[in-house]
Amino acid sequence: MLSNVNVISTIILAGSVAAIPFRVLPPQSKRDVNPALVPSFGWESGVNPDGTGNCDGAVNGTNGKPILVPCQCPPNSTFFLANLNKNVAAGFVITNPTVKLSFPTDNSTASQLARLNAAAVTLQNLEGPGVGCPISSTTFSAQGKAIGAETSTNGSSSATPPLMSTPASTTPIPAASTTPTDCGVLASTAVPTNVTSTNISALPTDEQIAALAPPLGWQAGINPDGTGNCDGAVSGTNGKPVLIPCQCPPDQTHYIANLTANIRAGHVILNPTVQLTFPTDNSTASQNARLNAAAVTIQNLNGAGKGCPIVATTFSAQQKAINAESTS
C-alpha cells in the first residue's frame, strides 16, 4: 500500500540563558481526544467463533445471520484509542494518509457523524491501508442511523448526511482478512474529506471514465456455498477465499454507470459525505484516486454502505502494484 508515510517527529533544541539550561519546544501538539466523545464499539471480540478465525459480528446480513468478522475484532479499546489520538492529531489516518478525518467536540449532527467517521476509518486502517477491522464488528452503523433519526425527529434536518463509513455490514482499500461477508460492506474511505465539488469543465468524459475505470478483476457467483455467499477475489489469513455475497461484484454496465454519476457529482450520490475525484493523468496519486473512486462506488451501490466489499475485486492488489511501481 502507501509506502511513504510522513512521520512527525518532535525536535528538541537545547540552549542556555545565564547558565540555566532550557529546551525550546515546538508548538503544543493537539491534545488527545476526550474518551467520553469516542463512539463505543457496542460489541466484543470473540463472539461465537466458528473455528476458522471468524466470529459473529455486530450486524446481521441479508440472510438474518450475523456477518462474520475476524475474531480479534473489534480491537482492544486502549490500542484503538491510542491510534485514534494519533490520527486526530495528524488530521488523517497515519497508516493511510489519503484518508482525512476530524474530531469536533460539539454535539451537532455533523460533528457526531464526523466523530463516528474518525472512529470508523481508524478501525479500518489499524495496521496499514485497509488493514484493520470491518465496521460490522461494531454498532457504528446503528449509531449513525440513530443520530440521523434523532435529528429528523427534532426537525433540525430532514436529510442528515449519511455516515462516511457506516455500512450495514462493513475505505484506501480494505484487507481481505478484515472484510465481512455481507454486501453492505464499507472498507476505508481513502478520499480526502476536504475535497469540494469538481469544476465541470475539468471532469473527464464518459469515454475517459470507461477507459480508466479500474477493472473489477473478478466475477460474481463463483463457488456458491448455498447460503448466498460465494468466493471473493482475495484469500483470508486461513488461505481460503474470503466469502462475499454471490451478486458481487456488480456487472460492468452497472459499475460504470454508478461510477460516472458519482464522478459527475464529485461525491458518492448515495452517500454524499464520501467525496471523490477521478484525475486522468498517470501519476501514482491519480491512479490511487481512481481506485478509491471505484472502491467507494461499489461499496455504496444501493445506499450508504450498502454495496459490495472490496474483496469482491482485485482493487487491493492493483493498489499494491501501483505503489510498488512508484517506489521501484
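Residues numbered from 1 in each chain as written. Predicted model: local features only at pLDDT ≥ 70, side-chain atom pairs only at ≥ 80, totals over all residues. Heavy atoms only, no water.

Concerning the confidence of the model for the protein chain
Note the threshold: pLDDT is defined as a per-residue confidence score from the predictor, taking values between 0 and 100. The contact criterion used is simple: two residues touch if any of their non-hydrogen atoms lie within 4.5 Å.
On average, residues of the protein chain carry a pLDDT of 76, and 75% of them reach 70 or more. This model gives residues 1-29 a pLDDT under 50, and the stretch forms 31 contacts once residues within four places in sequence are excluded. Confidence drops under a pLDDT of 50 for residues 156-201, and excluding neighbours within four residues, the segment shows 200 contacts in the predicted structure.

Examining the pattern of salt bridges
For clarity, the threshold we go by: Here a salt bridge means any side-chain nitrogen of Lys or Arg lying within 4 Å of a carboxyl oxygen belonging to Asp or Glu. Numbering of helices and strands runs from the N terminus; a helix is a DSSP stretch of H or I covering at least four residues, while a strand is a stretch of E covering at least two. Between buried and exposed lies partly exposed: a residue is buried under 20% and exposed over 50% of the maximum accessible area for its type, with that area taken using a 1.4 Å probe on protein chains only.
Applying the stated criterion to the full structure yields one salt bridge. Arg264 is the partner of Asp206 in a salt bridge, and the nearest nitrogen-oxygen pair spans 2.6 Å. Highlighted residues: Asp206 in helix α4 (residues 206-212) and Arg264 in helix α5 (residues 252-265), separated in sequence by 58 residues. Since its relative accessible area comes to 32%, Arg264 is described here as partly exposed.

A closer look at helix α2 (residues 109-124)
The following threshold applies: In this analysis, the expected span of each helix is defined as 1.5 Å times one less than the number of residues it contains.
Across its 16 residues, α2 extends 22 Å between first and last C-alpha, which sits within 8% of the 22 Å expected from 1.5 Å per residue. Judged by how many residues are buried, α2 sits mostly within the fold: 15 of 16 residues are covered.

Some words on the state of the cysteines
Our working definition: Disulfide: a pair of cysteine sulfur atoms within 2.5 Å of each other.
Inspection of every chain in the model, using the stated rule, returns four disulfides. Two residues, Cys230 and Cys246, share a disulfide whose sulfurs are 1.9 Å apart. Judged by the sign of its S-S torsion, about 90°, the cystine formed by Cys230 and Cys246 is right-handed. Within this pair, whereas Cys230 is found in strand β7 (residues 229-235), its partner Cys246 is found in the loop between β8 (241-245) and α5, the two being separated by 16 residues in sequence. Each sulfur of the disulfide joining Cys248 and Cys308 lies 2.0 Å from the other.

Digging into the packing of α5 against helix α6 (residues 284-299)
Under the convention used in this document: Comment: axis = line fitted to C-alpha atoms, over the contacting stretch for helices; angle = value between 0 and 180 degrees taken between N-to-C directions. To sort the angles, those under 35 degrees are grouped as roughly parallel, those over 145 as roughly antiparallel, those from 65 to 115 as roughly perpendicular, and the leftovers as oblique. Handedness of a crossing is defined here by the sense of rotation of the near helix relative to the far one, left-handed for an anticlockwise turn of less than a right angle and right-handed for a clockwise turn.
Between α5 and α6, whose axes approach to 9 Å, the crossing angle comes to 110°. Overall, the two elements α5 and α6 adopt an arrangement that is roughly perpendicular. Here α5 runs over α6; the crossing is right-handed. Residues Tyr255, Asn258, Leu259 and Asn262 of α5 form the contact with α6, whose own contacting residues are Ala293, Ala294, Thr297 and Ile298.

Remarks on the packing of helix α1 (residues 77-90) against α2
Worth spelling out the cut-off: In this classification, Asp, Glu, Lys and Arg are treated as charged, Ala, Val, Leu, Ile, Met, Phe, Trp, Tyr, Cys and Pro as nonpolar, and every other residue, Gly included, as polar.
Orientation of α1 relative to α2, taken along the N-to-C sense of each, is 115°, at an axis distance of 10 Å. Here α1 is positioned roughly perpendicular relative to α2, judged by the angle of their axes. In this structure, α1 meets α2 at a crossing whose hand is right-handed. Judged by residue contacts, Phe80, Asn83, Leu84 and Asn87 of α1 engage Ala118, Ala119, Thr122 and Leu123 from α2. Broken down by class, the residue content of the contact of α1 with α2 amounts to five nonpolar, three polar and no charged.

Some remarks on the packing of aromatic side chains
Short version of the rule: The rule is short: rings of Phe, Tyr and Trp, with Trp giving its six-membered ring, pair when the centres are within 6.5 Å, and they are stacked under 30 degrees, edge-to-face over 60, tilted in between.
Taken as a whole and assessed by the stated rule, the structure comprises two aromatic pairs. Centre to centre, the rings of Phe41 and Phe140 are 6.2 Å apart; their planes meet at 40°, and the pair counts as tilted. One end of the pair, Phe41, is in the loop between β2 (20-24) and β3 (54-60); the other, Phe140, is in helix α3 (residues 140-154), and 99 residues separate them in sequence. Here Phe41 and Phe140 have matching classes, each one buried.

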